[in-house]
Amino acid sequence: MNILEAPFVKGFIRMCDDGFNQNWHERNGGNLSYRIREDEVESIKEELAWDKPWQPMGTSVPGLKGEYFLVTGSGKYFRNVALDPEANICIVEVDETGENYRLCWGLVKGGKPTSELPSHLMNHEVKKTASDGRHRVIYHAHPANLIALTFVLPLEDRVFTRELWEMATECPVVFPDGVGVVGWMVPGGREIAVATSELMKKYNVAIWAHHGCFCSGEDFDLTFGLMHTVEKSAEILVKVLSMGSGKLQTISPDEFRALAVDFKVTLPEEFLYEK
Ligand code: 2HA
Ligand code: ZN
């Protein structure tokens, strides 16, 4: 099969376009990765090449040995992915030690996989285990309202989770585990990857203070939808805070508990504290 005709590649490209159209990907901001299923790798095998050298990935992910990933390129623009996928995205294979990768397809005009490869792969490794293999998508974006909140809310999981839940009734249903927050750190390296993947053991959403957000999910719809829901909620909170009078009413802890029963989700009590 032509790689560009493969449904997972089409879904990946559409998600890049959707993210750009949300204004989450200025310039080269953000990155996306997909852990390719074995049958999907099989379906495009004629178009892959294994002649490129192995390169150190800057971290170790033994849980992903032998896996293939579709990822955006470092310095590439989401805006250009749909116009010229072969030049802006790539497929990489992880070696048997889980410490090196090689380029098997794409980036035909040169380049490397995303600068956030360590965070993507460490998140994939954690999520593969935590979800019994179901999670395949890791998405990093720069949504403005969520970033704005990291300047005015305490950088605590319990505060971000509760405030975002209160802003839209669907939120606790869409992210019942809550959201994690990483304080400001230098992006692109192993240290921020370790901190993020630690949060991903518990959450599907990790916010990077003054930078952006990582989401994990089973497929493109769920992962894009998660980012979209979190950012919509952040937008409402920014509006509420901007109106100046504060909240006159909101959703109470007991109302969240009632919602959890009807929608069959478990909401951890740590987020239902009295204020
Ligand atoms: O430029 O978003 O975090 C890509 C990024 C780095
Ligand atoms: Zn970023």
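Definitions and cut-offs
- Residues numbered from 1 in each chain as written.
- Chains lettered and ligands numbered in written order.
- Predicted model: local features only at pLDDT ≥ 70, side-chain atom pairs only at ≥ 80, totals over all residues.
- Heavy atoms only, no water.
- Helix = DSSP H or I, 4+ residues; strand = E, 2+ residues; numbered from the N terminus.
- Rg over C-alpha atoms; globule rule 2.2 N^0.38 Å.
- Buried < 20%, exposed > 50% of the residue type's maximum accessible area, 1.4 Å probe, protein only.
- Areas by Shrake-Rupley, 256 points an atom, 1.4 Å probe, with all protein chains shown as cover.
- Near = heavy atom within 4 Å.
- Polar contact = N/O pair within 3.5 Å; in protein donor to acceptor, adjacent residues only side chain to side chain.
- Nonpolar A, V, L, I, M, F, W, Y, C, P; charged D, E, K, R; others polar.
- Phe/Tyr/Trp six-rings, centres within 6.5 Å; stacked < 30°, edge-to-face > 60°.
- Arc of directions from axis to C-beta.
- Contact = heavy atoms within 4.5 Å.
- Expected span 1.5 Å × (residues − 1).
- Pairing = 2+ DSSP bridges.
- Donors = N, O, S within 2.8 Å, 3.2 Å for Na, K, Ca; no water.
- Core = buried A, V, L, I, M, F, W, Y, C linked by side-chain atoms within 4.5 Å.

Participant: How do you make sense of the overall build of the protein when you look at a structure like this?
Facilitator: A count of helical and extended segments in the protein gives 11 helices and 9 strands. The C-alpha radius of gyration of the protein comes to 19 Å, within 12% of the 19 Å expected for a compact globule of 275 residues. In the protein, buried positions account for 53% of the 275 residues. Working note: accessible area of the protein is about 12,500 Å², and carbon and sulfur atoms make up 52% of it.

Participant: Looking at this structure, I do not really get unusual backbone geometry. What am I missing?
Facilitator: In most cases, non-glycine residues show a negative phi, while peptide bonds are predominantly trans. Located in the positive-phi region is Asp-132, a residue other than glycine, with phi close to 60°. Within the element layout of this structure, Asp-132 appears in the loop between helix H5 (117-130) and strand E6 (137-141). One non-glycine residue, Lys-264, lies in the positive phi region at around 55°. Among the structural elements, Lys-264 can be located in the segment after helix H11 (253-262).

Participant: Would you mind going over the site of ligand 1 with me for this structure?
Facilitator: Taken together, Asn-28, Gly-29, Gly-30, Asn-31, Glu-116, His-140, His-142 and His-211 are the residues near ligand 1. A distance of 2.5 Å is found between an oxygen atom of ligand 1 and a side-chain nitrogen or oxygen belonging to Glu-116. In the model, an oxygen atom of ligand 1 is placed 2.9 Å from a nitrogen or oxygen of the His-142 side chain. In the shell around ligand 1, the residues fall into no nonpolar, 7 polar and 1 charged.

Participant: Just checking my understanding: could you explain the packing of aromatic side chains for this structure?
Facilitator: Both the distance between ring centres and the angle between the ring planes are used here to describe each pair of aromatic rings. Under the defined criterion, the tally for this structure stands at 9 aromatic pairs. With 6.4 Å between their ring centres and 50° between their planes, Trp-24 and Tyr-139 make a pair best called tilted. Pair noted here: Trp-24 is in the loop between helix H1 (7-21) and strand E1 (31-35) and Tyr-139 is in strand E6, with a separation of 115 residues, a long-range link. The class of Trp-24 is buried, set by a relative accessible area of 2%. With relative accessibility at 0%, the residue Tyr-139 sits in the buried group. An angle of 80° between the planes, with centres 5.5 Å apart, marks the rings of Trp-165 and Phe-271 as edge-to-face. One end of the pair, Trp-165, is in helix H7 (residues 157-167); the other, Phe-271, is in the segment after H11, and 106 residues separate them in sequence. In terms of burial, Trp-165 and Phe-271 fall into one category: buried.

Participant: What is the right way to read helix H9 (residues 190-200) from this model?
Facilitator: Three or four residues apart is the spacing at which side chains of an α-helix point the same way, because the helix has 3.6 residues per turn. Of the positions making up H9, those classed as buried are Ile-192, Ala-193, Thr-196, Ser-197, Leu-199 and Met-200. Buried residues along H9 cover an arc of 155° about the axis, so they all sit on one side. Buried-residue contacts for H9 involve H5, H7, strand E7 (180-182), strand E8 (205-208) and strand E9 (212-217).

Participant: In this structure, what is going on with helix H10 (residues 220-243)? I would like to understand it.
Facilitator: Over its 24 residues, H10 extends 35 Å from the first C-alpha to the last, a length consistent with the 34 Å expected when each residue adds 1.5 Å. Among all positions of H10, only Phe-220, Thr-223, Phe-224, Leu-226, Met-227, Thr-229, Val-230, Glu-231, Ser-233, Ala-234, Leu-237 and Val-240 are buried. Between the side-chain oxygen of the N-cap and the backbone nitrogen of Asp-221 there are 3.2 Å, and the N-cap of H10 in question is Asp-219. Two residues or fewer after H10 comes Gly-244, characterised by a positive phi angle close to 90°.

Participant: Quick question: what am I supposed to make of the pairing of E6 here?
Facilitator: It is a general feature of regular strands that their side chains alternate between the two faces of the sheet. The buried count for E6 comes to 5 of 5 residues, which makes it a mostly enclosed element. Covered by surrounding structure in E6 are Val-137, Tyr-139 and Ala-141 together with Ile-138 and His-140, the residues of both alternating faces. Strand direction decides the pairing type here: E6 and E9, joined by 5 bridges, are antiparallel. The partner of Tyr-139 across the bridge, within E9, is Cys-215.

Participant: What's the story with the coordination of the zinc ion (ligand 2) in this structure? I'm lost.
Facilitator: Put simply, a metal with four donors set out as a tetrahedron has ideal angles of 109.5 degrees, and one with six donors set out as an octahedron has ideal angles of 90 or 180 degrees. Looking at the zinc ion (ligand 2), one finds its protein donor set to be His-140 (NE2), His-142 (NE2) and His-211 (NE2), positioned 2.0 to 2.1 Å from the metal centre. Within one chain, the residues serving as donors to the zinc ion (ligand 2) are arranged as H-x1-H-x68-H. In this pair, His-142 is assigned in the loop between E6 and helix H6 (144-149) and His-211 in the loop between E8 and E9, connecting sequence segments 69 residues apart.

Participant: Please clarify how the nonpolar core should be interpreted in this entry.
Facilitator: Soluble, globular proteins show a tendency: their nonpolar side chains are buried together. Leu-48, Leu-70, Ile-91, Tyr-139 and Leu-164 are the most contacted members of the largest nonpolar core, which has 71 residues in total. The biggest single contributor to this core is H10, with 8 residues. Not counting residues within four places of it along the chain, the set of residues in contact with Ile-91 comprises Ile-3, Ile-36, Ile-44, Leu-48, Tyr-68, Phe-69, Leu-70, Arg-102, Leu-103, Cys-104 and Trp-105. By size, the runner-up hydrophobic cluster in this structure holds 15 residues, among which are Leu-64, Val-71, Val-92 and Leu-121.

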